[in-house]
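The residues making up each chain are set out below.
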Amino acid sequence: MLKQDVNIALHHFLRLCMPLALSSSIWAAENALAAPKPNARSWLAAKTLRPSPPTPLPERERGARTPKSALVPLLPLWEKGLGDEGDLFWQPTSARNLAITHAVVQLQGLDVPIPRVKGAATVPLKLLEKSQVYTTPVMVGKLTKPFLIDTGASTTLLSNDLVTTLNLPGRAVSGDRLASAVAGKECASMKATLHELPLLTLGAAEIRGVNGLRFETAAVPDGLAGVMGMDILQQFDLYFNPKAKTLNLSPPTMLPTAVSATAIALQKKLGVFLAKLTLNGQGPFTVLLDTGADSTFISGAIAQRLNLSNRQPAQILGFCGLEPAEKSLLASVKLRQHEQKNLEAIIVSSPILKLLGVDGILGQNFLSQYQQQWRFTPSTINGTKADGSLVLSAP
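Everything numeric here is computed off the predicted structure, so don't read it as measured data. (Residues numbered from 1 in each chain as written. Predicted model: local features only at pLDDT ≥ 70, side-chain atom pairs only at ≥ 80, totals over all residues. Heavy atoms only, no water.)

Some remarks on the overall build of the protein chain
Part 1 of the reasoning: Across its full length, the protein chain holds 6 helices and 33 strands.
Part 2 of the reasoning: By residue count, 56% of the 395 residues in the protein chain fall in the buried class.
Part 3 of the reasoning: In the protein chain, the share of contacts with a sequence separation of at least 24, taken over all contacts with a separation of at least 6, comes to 71%.
Part 4 of the reasoning: Within the structure as shown, the protein chain displays about 16300 Å² of accessible surface, and the carbon and sulfur contribution to it stands at 51%. (Helix = DSSP H or I, 4+ residues; strand = E, 2+ residues; numbered from the N terminus. Buried < 20%, exposed > 50% of the residue type's maximum accessible area, 1.4 Å probe, protein only. Contact = heavy atoms within 4.5 Å. Areas by Shrake-Rupley, 256 points an atom, 1.4 Å probe, with all protein chains shown as cover.)

Spelled out as structure tokens, the structure:
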């Protein structure tokens, strides 16, 4: 058991406004939203959504019912109408100008053990619908459920359904140990509990002693048990193969000398890993490398420095409501020798980036273009001491 500060941030699942753990796991929702499942959950009260005029909706267009006082049980952007009995109804609308972001939550002074891992495995990856982020099946005790694989999460996040199904005991996180920076202004408070999980199994790999965070006012969508964060992932070497849609987890190794010349140096902060890159030939800038982020995000100050034009209005749908943002195009994003051109970026003015002290977040619209070998063992790369390394190669 180690005494340590546990720094946790919440991401928001694509189209479902889900909070994840530390620093970003952000998705930019650019396509129209798919029709919902009746039991899908959202994290925003009805007043935070964009309402249409209060007229009855045709029967064929009606979504699931919800009492006026309940949290909206569907997707982030939904047209609102009143049914014949005064019930609220929701139907999907375009998310073209919506970007989904997160809240950063910091827990201090908690005794949380480091997970214990054994073995290695190659597990299948599945894209979350209409996104570039991946889930994988995890056996939790005797249940097999999908978890998001998230290098932008400092800790593991649990769904309310999983906690209830397994009847997991938990301990409340007192308010004096919870500080947050969130997008939106609608949250009066955020209550959280920590729960110790039974044995987790990914293929032949076993993970014991995991403590996951559950928020009362935020639930993971139906069918997803939670988010696997860096508290687990950094206990392994990771090899992502987007083309084959597989993830290999193996015991930690040192960075081989043969690839050190091309490796990307990672620095650890608040439980996640940062790197430096150039944008439009300028920099270096510091970003969070985030497999749980669908898009790439930059701060308003960096956008101004880059003199980005052709900005289009967008909105950040955060844990606590809507905030204005913009989207634009980056002519070049270069991480060491690896470059992507004409990459979309969401411009945000967020306390979340300030808390991390980063200029932005590099998401899967860049990372998924490569095979990725992550190591979280200290090394020296081009004379610089690093807390970890990332080696990218052609898919």
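Past the structure itself, the notes keep going.
Some remarks on the nonpolar core
Part 1 of the reasoning: Counting residues in hydrophobic clusters, the biggest one holds 68 residues, and the most contacted among them are Leu-238, Leu-279, Leu-289, Leu-335, Leu-362 and Phe-366.
Part 2 of the reasoning: The greatest single-element share of this core, amounting to 6 residues, is contributed by strand β23 (residues 272-279).
Part 3 of the reasoning: Beyond its immediate sequence surroundings of up to four residues, Leu-289 is in contact with Thr-151, Gly-152, Leu-266, Phe-273, Ala-275, Leu-335, Leu-362, Trp-374 and Leu-390. (Core = buried A, V, L, I, M, F, W, Y, C linked by side-chain atoms within 4.5 Å.)

Observations concerning the environment of Leu-289
Part 1 of the reasoning: Position of Leu-289 relative to the elements: it lies in strand β24 (residues 282-289).
Part 2 of the reasoning: Sequence spacing of Leu-289 and Leu-266 is 23 residues, and the spatial spacing of their C-alpha atoms is 8.9 Å.

Things to note about the pattern of salt bridges
Part 1 of the reasoning: Summed over the entire model, instances satisfying the criterion amount to 3 salt bridges.
Part 2 of the reasoning: The salt bridge involving Arg-375 is made with Asp-237; its shortest N-O contact spans 3.8 Å. Within this pair, whereas Arg-375 is found in strand β30 (residues 371-375), its partner Asp-237 is found in strand β20 (residues 237-241), the two being separated by 138 residues in sequence. One exposure class covers both Arg-375 and Asp-237, and it is buried. (Salt bridge = Lys/Arg side-chain N within 4 Å of Asp/Glu carboxyl O.)

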